[in-house]
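Per-entry structural report
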Amino acid sequence: MPLHRITSIDVAVPDVAAASAFYAAFGLIDDGDGWFVTRDGGRQLRLVPAPRRGLRRLGLAAGSPDDLDRIARSLAALDIDVAHDRRSDECLVLTEPATGLPIELEVAAPVQAAGVLPSPVANRPGDAPRRGRPADGVRRTEPVRPSNLTHLVLGTPDFATTLGVLTDGLGLEISDQLPGVIAFTRAGEVHHTVAVQAAPGPQLHHVAYEVDDADEVGRGASALLMDDPGRHVWGMGRHAIGSNVFWYLRDPAGNFVEYTADVDRIDDGDYHPEPWQGHQFLYSWGPPPPAEFLEPSDWQD
Ligand SMILES: [Fe+2]
């Protein structure tokens, strides 16, 4: 697969100062120039001022310059113009036609996880390896630090066109889908990198940041809700498609932001999707999704 992860994104917010405070509390490091840094992925989020919230740029990582050449040929076959970025021969830029989203492709290394927390040790009846001490999640006191920006969900008014650009043009693989409703495409081994969702117009549904385990999902969201319970959107639960544990929150601009952990990893050629129906795919357990998750309040604007 020529692409293997998200490099970075630009997210539009009307109030950069308010959004910056949120993402710092979320656990990203504020680089002071609009960029925010994840523990393992580096500078992955840039906040840009704009009257309306939304995704303004998507960056994806390629394995090599040859991969970029192959993608350029695939995009040309779809009549999509590509250009080399001024800064580097190893960077291609294109515009996804249905959403107008600028996409940048550049050669970049995989995420190398550093400082990963030890896996939790769990007690069960008859099997209690953690004798005489509390659970790891109870003992942690340091702020949650997301490892990387792992996926996003993009709403499009032309599902077939956007999905075709991602798959036929960029070479992403479909992991699971509800045809015509939502398709989970992956770049690399993680179950989904960019999910495409049918929507009234170009929309950012949510951006997900991967943390080390379910305790970090719970600790991160709880800390944000302690300061402002109005940030809660949906959680905690476990998705069915992708298996990831989730808790969704709202940034001050209204963008949904997800702490996520334990997402499925897939080897090419070794995945056999199950058929999914209705909202069954949404979650395996947890509270039912609120209406605003299924249709954000500004979806029709
Ligand atoms: Fe998600």
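So, a few notes on the structure that sits alongside this text. For clarity, every value in this text was computed on a predicted model and none was experimentally measured. (Residues numbered from 1 in each chain as written. Predicted model: local features only at pLDDT ≥ 70, side-chain atom pairs only at ≥ 80, totals over all residues. Heavy atoms only, no water.)

As for the overall build of the chain
- On a plain count of helices and strands, the chain comes out with six helices and 16 strands.
- Relative to its length of 301 residues, the chain is compact, with a C-alpha radius of gyration of 19 Å against a globular reference of 19 Å.
- Each of the three principal axes of the chain carries a C-alpha extent, and together these read 65 × 45 × 35 Å.
- A separation of at least 24 residues holds for 68% of the contacts in the chain among residues at least 6 apart in sequence.
- By element, 51% of the accessible surface of the chain is carried by carbon and sulfur atoms, the whole surface being about 13,500 Å².
- Across the chain, the mean location of the 25 positive side-chain charges is 7 Å away from that of the 44 negative side-chain charges. (Helix = DSSP H or I, 4+ residues; strand = E, 2+ residues; numbered from the N terminus. Rg over C-alpha atoms; globule rule 2.2 N^0.38 Å. Contact = heavy atoms within 4.5 Å. Areas by Shrake-Rupley, 256 points an atom, 1.4 Å probe, with all protein chains shown as cover. Lys, Arg positive; Asp, Glu negative; His and termini not counted. Charge placed at Lys NZ, Arg CZ, Asp CG, Glu CD.)

Focus: helix 2 (residues 65–77)
- Between its first and last C-alpha atoms helix 2 spans 19 Å; for 13 residues at 1.5 Å apiece the expected length is 18 Å, and the two agree.
- Turning to helix 2, its buried residues are Asp67, Leu68, Ile71, Ala72 and Leu75. Seen along its axis, helix 2 keeps its buried residues to an arc of 140°; they face one direction. Residues of helix 2 that are exposed and point over 90 degrees away from its buried face: Arg73 and Ala77.
- The secondary structure elements touched by the buried residues of helix 2 are strand 1 (3–13), strand 5 (54–62), strand 6 (82–84), strand 7 (91–96), strand 8 (101–107) and helix 4 (159–169).
- Immediately downstream of helix 2, the backbone of Asp79 shows phi near 60°, a positive value. (Expected span 1.5 Å × (residues − 1). Buried < 20%, exposed > 50% of the residue type's maximum accessible area, 1.4 Å probe, protein only. Arc of directions from axis to C-beta.)

A closer look at the side chain of Thr156
- Structurally, the position occupied by Thr156 is in strand 9 (residues 148–156).
- Take Thr156: its relative accessible area is 1%, and that puts it in the buried class.
- Ignoring sequence-local partners within four residues, the contact set of Thr156 consists of Ala98, Thr99, Thr162, Val196, Gln197, Ala198, Ala199 and Gly201.

Thoughts on the coordination of the iron ion
- Looking at the metal site, the iron ion is ligated by His151 (NE2), His206 (NE2) and Glu258 (OE), spaced 2.1 Å from it.
- Each donor residue of the iron ion belongs to the same chain, with the gaps between them written as H-x54-H-x51-E. With His206 in strand 13 (residues 203–210) and Glu258 in strand 16 (residues 256–261), this pair connects stretches of sequence that are 52 residues apart.
- Glu258 sits in the buried class, given a relative accessible area of 0%. (Donors = N, O, S within 2.8 Å, 3.2 Å for Na, K, Ca; no water.)

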